[in-house]
Amino acid sequence: MIGHREQWSSRLAFVLAAAGSAVGLGNIWRFSYVTGTNGGAAFVLIYLVAIVMIGYPLVVTEITIGRKTQRNPVGAFLSLAPGTPWWLIGAMGVSAGFVILSFYSIVAGWALAYIFKAVAGFAPDMDFAGTFMGHIGSVWPPIFWHALFMLLTLGIIVAGVIKGIQRWVRILMPALFGILLILVLRSLTLDGAGAGVAFYLSPRFDEVTAQTFLAAIGQAFFTLSLGMGAMITYGSYLSEKHTIPDNAGWVVGLDTLIAVIAGFAIFPAVFALGFDPAAGPGLAFITLPAVFAAMPGGSLFGVLFFLLLGVAALTSAISLLEVVVAWLVDEKQWSRPKASLLMGAAIFVIGIPCTLGYSLLSHVRFFGMDILDTYDFLASNLLLPLGGLLTAFFAGHVWSARELCREANRPAGNIRIGRWFGVMIKYIAPAAIALVMVTGLFQKFSGQ
Ligand code: PFF
């Protein structure tokens, strides 16, 4: 490795950046529609268990690996286990970064486009499903917004860790909290909001299947940016003097809180105005504009909502691109501008089939899923859980749980991780992920 490696200038900067990575489309767009189609509160409960049992231990593990090695995901495994093929976990993570950012940017582009649609105003008699389908089914507009979003992302990454990532999360994260709070207050005070709260809080266990567990674990990994080295990369810019168990707790806590709160912003509004909570990926884009059109001051709340989605997406997208860029800068000695530009362009190109899947390539289906859903399924339900499983196994058995715990508890802070942590990482997390992946995938592909 050559050159000087940047470090976060404070503990707050790290927490905001890592929480910025975690909080994204996953908390608002994905969490709400996956909850709506997977049994409401029953899904939320399983998801919360997955966050505590698997999510938190893995966030600690990834950050610790990053801080210890001060390297990108590939380099981190290489430096902990030289001369072995374990670096392939890191390589899988870098590939997952490519796949996720390519479809993520398409959805973020929808959000940008909808900011302007909201400015123009949503009328109560509009055909909202038709408008959404018309937008995603057109060829050039989604490609234009995808390009713009990738440009914003790479613009931040070119500037580096301090002048790019850290500077922007300090502005964008507080803005995101503020907007979300305004939206929740508006949603909960609508007439009829209670039915949405009831839907969200009453579990329907009869709708739970093996796929619900796979969806919950997939959501936990996706929302915490786990299983692909994003937390390793952000941890690699953390100095030795900063503690890990408490900072990881902040990141996981903020991310979970925001997902749960976003549910309170979305479901009451959907119910108050009589829409279907199981509308699928279109939930945020079809149902909510109709909600905004039907409520007083709706245009303003519409603009705020899609702005929130765009901002949340941006602070996550930068972490996805940073994984890829850090790998090229550390391992291949590319300059940061070259890596950011070329990889940004490559990801832009890989994303194009996702949007064409709604227009020119709409006949292309994999097991009933369109191209964007296929990318999402491949990344969230396959690559991330597998990456997480292998990372936990590696940390617990190859690097050793004792080393991991010692490193994570250094320097001494106000919380320490205890013995249970080693058990989780060595046995429970890998076994639970493997079980859920095998049964969930079997159910999906056997068509049951
Ligand atoms: N955690 C982000 C979200 O919830 O939207 C998505 C994500 C970002 C996944 C970074 C993976 C990652 F490395």
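Residues numbered from 1 in each chain as written. Predicted model: local features only at pLDDT ≥ 70, side-chain atom pairs only at ≥ 80, totals over all residues. Heavy atoms only, no water.

You'll find the protein entered in an unreviewed UniProt entry as Sodium-dependent transporter, with Desulfatitalea alkaliphila given as the organism. If you open the UniProt record of the protein and go to Subcellular location (unreviewed entry), you find "Membrane". (UniProt positions renumbered as here; feature names shortened; annotations may be inferred.)

J.: Teacher, can you tell me more about the site of the ligand here?
T.: Near the ligand there are 15 residues, and of these Ala22, Gly26, Tyr104, Phe222 and Met228 occur at the shortest range. Asn27 has a polar side-chain atom sitting 3.4 Å from an oxygen atom of the ligand. Bound to the protein, the ligand loses 100% of the 340 Å² it would expose on its own. Considered class by class, the residues forming the shell around the ligand number seven nonpolar, eight polar and no charged. (Near = heavy atom within 4 Å. Polar contact = N/O pair within 3.5 Å; in protein donor to acceptor, adjacent residues only side chain to side chain. Areas by Shrake-Rupley, 256 points an atom, 1.4 Å probe, with all protein chains shown as cover. Nonpolar A, V, L, I, M, F, W, Y, C, P; charged D, E, K, R; others polar.)

J.: Would you mind going over a nonpolar patch on the surface with me for this structure?
T.: Nonpolar side chains collect at one region of the surface, where Leu78, Trp87 and Leu88 lie side by side and expose about 250 Å² of accessible area between them. Inspection of the secondary structure puts Trp87 in helix 5 (residues 87–120). Residue Trp87 is classed as partly exposed on the basis of its relative accessible area of 35%. (Patch = residues over 30% accessible without salt bridge, like charges linked within 9 Å, V, L, I, M, F, W, Y side chains within 5 Å. Salt bridge = Lys/Arg side-chain N within 4 Å of Asp/Glu carboxyl O. Helix = DSSP H or I, 4+ residues; strand = E, 2+ residues; numbered from the N terminus. Buried < 20%, exposed > 50% of the residue type's maximum accessible area, 1.4 Å probe, protein only.)

J.: Looking at this structure, I do not really get helix 17 (residues 419–445). What am I missing?
T.: Residues three or four positions apart in an α-helix share a direction because the helix packs 3.6 residues into each turn. The end-to-end C-alpha distance of helix 17 is 38 Å, a good match for the 39 Å that 27 residues give at a rise of 1.5 Å each. In the structure, helix 17 departs most strongly from a straight axis at Ile425, where the bend amounts to approximately 45°. All buried positions along helix 17 are accounted for by Phe421, Gly422, Met424, Ile425, Ala429, Pro430, Ile433, Val436, Met437, Gly440, Leu441 and Gln443. Packed against the buried residues of helix 17 are helix 3 (41–69), helix 10 (210–223) and helix 16 (371–408). Positive phi shows up at Gly447, right after helix 17, with a value of about 70°. (Expected span 1.5 Å × (residues − 1). Bend = angle between axes of the 7 residues up to and from the residue. Contact = heavy atoms within 4.5 Å.)

J.: I would appreciate a short explanation of empty space enclosed by the protein in the present structure.
T.: Any empty space left between atoms is shown by rolling a water-sized probe over those atoms. Across all of its chains, the model carries three cavities of 30 Å³ or more by this definition. Residue lining of the largest cavity: 15 residues in total, with Ser21, Ile100, Phe222, Ser225 and Leu320 positioned closest to the centre. Broken down by secondary-structure element, the contributors of at least two residues to the lining of the largest cavity are helix 1 (11–22), helix 5, helix 10 and helix 14 (298–331). A per-element tally of the lining of the largest cavity places helix 14 first, with three residues. (1 Å grid on protein atoms, 1.4 Å probe; cavity = no way out; pocket = protein on both sides within 12 Å on 5 of 7 lines; lining within 4 Å. Points joined across faces, edges and corners; volume = space filled by probe spheres on them.)

J.: Help me understand the pattern of salt bridges, please; the structure alone is not making it clear to me.
T.: Pairing of side chains with opposite charge becomes possible as their charged atoms draw close. One pass over the full model with this rule turns up eleven salt bridges. Its salt-bridge partner being Arg30, residue Asp376 comes within 3.3 Å of it at the nearest N-O pair. Linking Asp376 in helix 16 with Arg30 in helix 2 (residues 25–37), this pair joins segments that are 346 residues apart in sequence. Grouping residues by exposure puts Asp376 and Arg30 together as buried. One salt bridge connects Arg71 with Glu331, and the closest N-O pair in it is separated by 3.2 Å. With Arg71 in the loop between helix 3 and helix 4 (73–80) and Glu331 in helix 14, the pair connects residues that are 260 residues apart, well separated along the chain. When sorted by exposure, Arg71 lands in the same class as Glu331, which is buried. Salt bridges linked by common partners bring Arg67, Lys68, Glu240, Glu407 and Arg410 together as one network.

J.: Help me understand the layout of surface pockets, please; the structure alone is not making it clear to me.
T.: In this structure, the largest pocket encloses a volume near 430 Å³. Around the largest pocket, the lining comprises 17 residues; the ones closest to its centre are Tyr33, Val34, Asn38, Phe377 and Asn381. Counting only elements with at least two residues in the lining of the largest pocket, the list comes to helix 2, helix 10 and helix 16.

J.: Help me out: how do you make sense of the packing of helix 1 against helix 12 (residues 245–272) in this one?
T.: Relative placement of two packed helices is described by the angle separating their axes and the distance separating the axes. Following both chains from N to C, one finds helix 1 and helix 12 inclined at 40°, their axes separated by 9 Å at the closest point. Seen from above, helix 1 lies across helix 12 with right-handed handedness. Seen from helix 1, the contacting residues are Arg11, Phe14, Val15, Ala18, Ala19 and Ala22; seen from helix 12, they are Asp246, Asn247, Trp250, Val251, Leu254 and Asp255. (Axes fitted to C-alpha atoms, helices over the stretch in contact; angles between N-to-C directions. Left-handed = near helix turned anticlockwise from the far one by under 90°.)

J.: Looking at this model, I keep getting lost on unusual backbone geometry. Mind explaining?
T.: For residues that are not glycine, phi is negative in most cases, and the peptide bond is trans in most cases. Cis geometry marks the peptide bond from Arg410 to Pro411, where omega comes out at -10°. With respect to the element layout, Pro411 can be found in the loop between helix 16 and helix 17. Phi at Gln70 is positive, roughly 50°, even though this residue is not glycine. Of note, Gln70 is situated in the loop between helix 3 and helix 4. Of note, Ser400 is a non-glycine position whose phi angle comes to about 105°, a positive value. Checked against the element boundaries, Ser400 lands in helix 16. Ser400 sits in the partly exposed class, given a relative accessible area of 24%.

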